[in-house]
Structure formats: C-alpha cells, structure tokens
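The primary structure of each chain is shown beneath.
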Amino acid sequence: MFRRRHFHVLDARLRERRQFIQVVMGPRQVGKSTMVKQVLSQIDIPFMRFTADNVPATNVGWISGCWDSARAQMKVDGSAEFILVIDEIQKIQGWSEAVKKEWDDDTFNDVNLKVVLLGSSRVMLDNGLADSLAGRFERIIMSHWDYSEFREAFGWDINKFIYYGAYPGAISLVEDSERWIQYISGSIIDATINKDILVDTAIGKPALLRQTFELSSAYSSQELALTKMLGQMNDAGNTTTITGYLNLLGQAGLVTGIYKYANDEARKRASVPKHQVFNNALKTVYSSKTFEESFRDRKLWGRIYESAVGAHILSHAYEGDYKVWYWRDYDGNEVDYVIEKKGRLIAVEVKSNDDRTNSGLSEFRKRFNPYMSFVVGDGGMTIESFLSCNPQDLFKD
C-alpha cells in the first residue's frame, strides 16, 4: 500500500515521548484518515479512534467522553502508553477548550496518553489552536497529491493527472464521466461548502456563494474582473461580497483569486484577480468537453495545463508558508505565477506549446531581480518534474 511522506512524520512523532498534540490537517479527500490508519496499523501502541461526524455540534462533553474511554481502556489493559485519535474535531463548538483541559489534566497526572486530532476545515482548526492550545500542538499539513505520488500509487500518465486532478478517491471513476462528476460534486464540493463553510460562517446568499465557486473554478488560470463575474450571475450581489466569498472558498481549499504582484500592497489588492483552483478536478468538472476532446483542443488544453501548474503551486502554499501572485505590465509582458517567501521571488511561466514567447520573464528579471525564474513546459522544466516537486523546496539554498 502506498504511503505518503506524512506517514513517516506522524509515525516518528508517535514513537517519541509524549510532548505535543499531533494535528493532521488538510482539504477533504487527500488521505488524512487513511494515513493515520496506516500508522496505527503498524505501530505497537494500543489506540482508540472516534469521529465527530454525526455528533451534535453543541455536545462538547462528547470530547471528555472520548478521553475517559481511552483512559479507562489504558488502565484496564495496563498499557504504559496509549493513542487517542479524534477525527473532524472542529465540528464541536468549544472543542479547543475541552481538549486543553483534558490534555493538561493528563500532563499533570503523568498519563501517557498521546493525542492525534484530524480536521478538514483549516480555518476552524487554526482558530481553535490559536485560541487555547498554543504551545501544546504540532501541525502535519497534508496538501493535494503530487504527480509523482499518483504515478507511483496508480500508474497514471501526466495528461490524465492534469485533466482529472489529484483526488485518489475518484481514480476508479474516471472511465464513467457521470460517476466521476457526481463524486467530485458531492464528496468534495458539496461537502466542503455545506460542512466546512456554511456550518461555521453566516452566509447571506448561499446561492451566490455557490455561483462564485462555479464561475471562479471554470475560469481557473484566467483573469476575470469581479464586476464581470457579477454580470454572469443570476443572484444580485456586489464586488465586496464576491471578494469575501472568494476568501472563504480559498480558506476551504477550493478556489481563490490571486492578485497581481506589485511593490505596494494597495496596487496588489486593487488588481483584477486571476482565478485559481487548488485541484484541477474542480476546474474540469464543469467542462463540457471530455478528456479526449479537451486534449485535442490546443487552446482549451493550454488553459487546463496552466491551471494544473497553478493548482500545484497554490495547494502547497499553506504548508510552504509562501504567497502566490501573477504579474502583468501595461505593455503586455506577463508571468503566470510569482511565488514569494521571506522577500525572495520565484517567477514561473507556463508553456503548453511552442506558440508563446516568454518575454515576460526577461522583463520581470530586470524589474524585480527574482531569486529564480524559469519556464514549465516546452523549452523549460518538464511538467512532470514540476508537478512532482514541492515548490517550497525551490527556496532552499
């Protein structure tokens, strides 16, 4: 069975002496629960696992019940150490205070109970961690799968990966387009919007939120002004509302707007956003053309190809602690993606065929002196290599 690199991180930490809560976080359907299950199945420490999926949000006492069950089993078995796993814990209101109390009690009483928490809502988890658990936890952030992982685990070629994206649960469905669409729509999109956004955030116009997602995803890798977006929507709204919804969709790991790189923050935020999904399946699920038809349409394939590069960069941004921009000047020079970390810039131009020049890279080098700049695709780094790397590694000396 294939193991993602995060397996080795969690395995090593659970073998250490008890010192931190391990928080495994990432978007839906990236393999968080599977990875934890793999670790538990081969580590020689007894465990109990609970999930908050069907627990009422107000039942904060449920968390203490999980802890008590683990402590009781540990005592009955006479175990020197024990592991407690709680999945989707962010769904319980006030979860972080309850976890803090139980963890601190175990620390005071020298109970060697190690804890793993899992969650798919980054914002809800981060808020709880910052509020109550400072100094008590470590994150293990799982991003979407890289191409090298898909190739090794499932034998996929690069073009299938570019079109169908990186959701392992959809692998067996790609030959039946209707089932694949239903899976992406139901298990990914609907679940994220309904369970990770609407549950925690007061949304005045849920239908407008959904339209924002669908239109932004369809335009992934392209610039589209918010005023033009409103013109294509059925529900009334304003650009401030759309901006807020894009931010929420981005925090949930679905789609967001990236802005033009500039030397001052005001110019960045005033620019027309370039829309970008975190996983290319979220773009192609709305396409009217099949994989084969899209591959034959060079213009359409170019947009899907560029979106795949952007999705790879964006999906690693939270883990890699970097920002993502695009760049364009008044003369039409452009760079598809600009990655910024601690004052260093990396400029990435995407070329799916030899029809485009990359004069934008030269101009960007003159103006901003980036740490690195290169082409992905024809005449540069192969798409296979780029979609197999972790972008944060590019910043290493």
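Look above for the structure.
Residues numbered from 1 in each chain as written. Predicted model: local features only at pLDDT ≥ 70, side-chain atom pairs only at ≥ 80, totals over all residues. Heavy atoms only, no water.

Engineer: So what's going on with the pairing of strand S1 (residues 21-25)? Residues and values would help.
Structural biologist: Judged by how many residues are buried, S1 sits mostly within the fold: 5 of 5 residues are covered. In S1, alternate side chains face the same way, and those of Ile21, Val23 and Met25 on one face and Gln22 and Val24 on the other are all buried. Here S1 pairs with strand S5 (residues 137-141) via 5 bridges, running parallel. The residue of S5 that forms the bridge with isoleucine 21 is phenylalanine 137. As paired strands, S1 and strand S4 (residues 113-119) are joined by 4 bridges and run parallel to one another. Among the inter-strand pairings, glutamine 22 is bridged to a residue of S4, identified as valine 116. (Buried < 20%, exposed > 50% of the residue type's maximum accessible area, 1.4 Å probe, protein only. Helix = DSSP H or I, 4+ residues; strand = E, 2+ residues; numbered from the N terminus. Pairing = 2+ DSSP bridges.)

Engineer: So what's going on with helix H6 (residues 147-154)? Which residues, and what values?
Structural biologist: Taken as a whole, H6 has its buried residues at Tyr147, Glu149 and Phe150. The buried residues of H6 occupy an angular sector of 160° when the element is viewed end-on, so they sit on one face. Looking at the buried residues of H6, the elements they touch are helix H1 (5-15), helix H7 (158-164) and helix H18 (383-386). (Arc of directions from axis to C-beta. Contact = heavy atoms within 4.5 Å.)

Engineer: Before we move on, can you summarise the nonpolar core with the specific residues and values?
Structural biologist: In terms of nonpolar packing, the biggest core is built from 72 residues, with Ile162, Trp180, Ile184, Leu282, Val309 and Phe386 touching the most fellow members. At 9 residues, helix H15 (residues 298-315) tops the list of elements feeding residues into this core. Apart from residues lying up to four places away in sequence, isoleucine 162 is in contact with Asn280, Trp301, Ile304, Tyr305, Ala308, Ile383 and Leu387. Residues Met25, Phe50, Phe82 and Ile89 belong to the second largest nonpolar core, which totals 29 residues. (Core = buried A, V, L, I, M, F, W, Y, C linked by side-chain atoms within 4.5 Å.)

Engineer: Describe in detail unusual backbone geometry, supporting the description with residues and values.
Structural biologist: At glutamine 29, a position not held by glycine, the phi torsion is positive, near 65°. Positionally, glutamine 29 belongs in the loop between S1 and helix H2 (32-42). Residue classification places glutamine 29 among the partly exposed positions, given a relative accessible area of 35%. One non-glycine residue with positive phi stands out, namely lysine 342, at about 50°. Note that lysine 342 resides in the loop between strand S9 (334-341) and strand S10 (344-351). For lysine 342, a relative accessible area of 76% translates into the label exposed.

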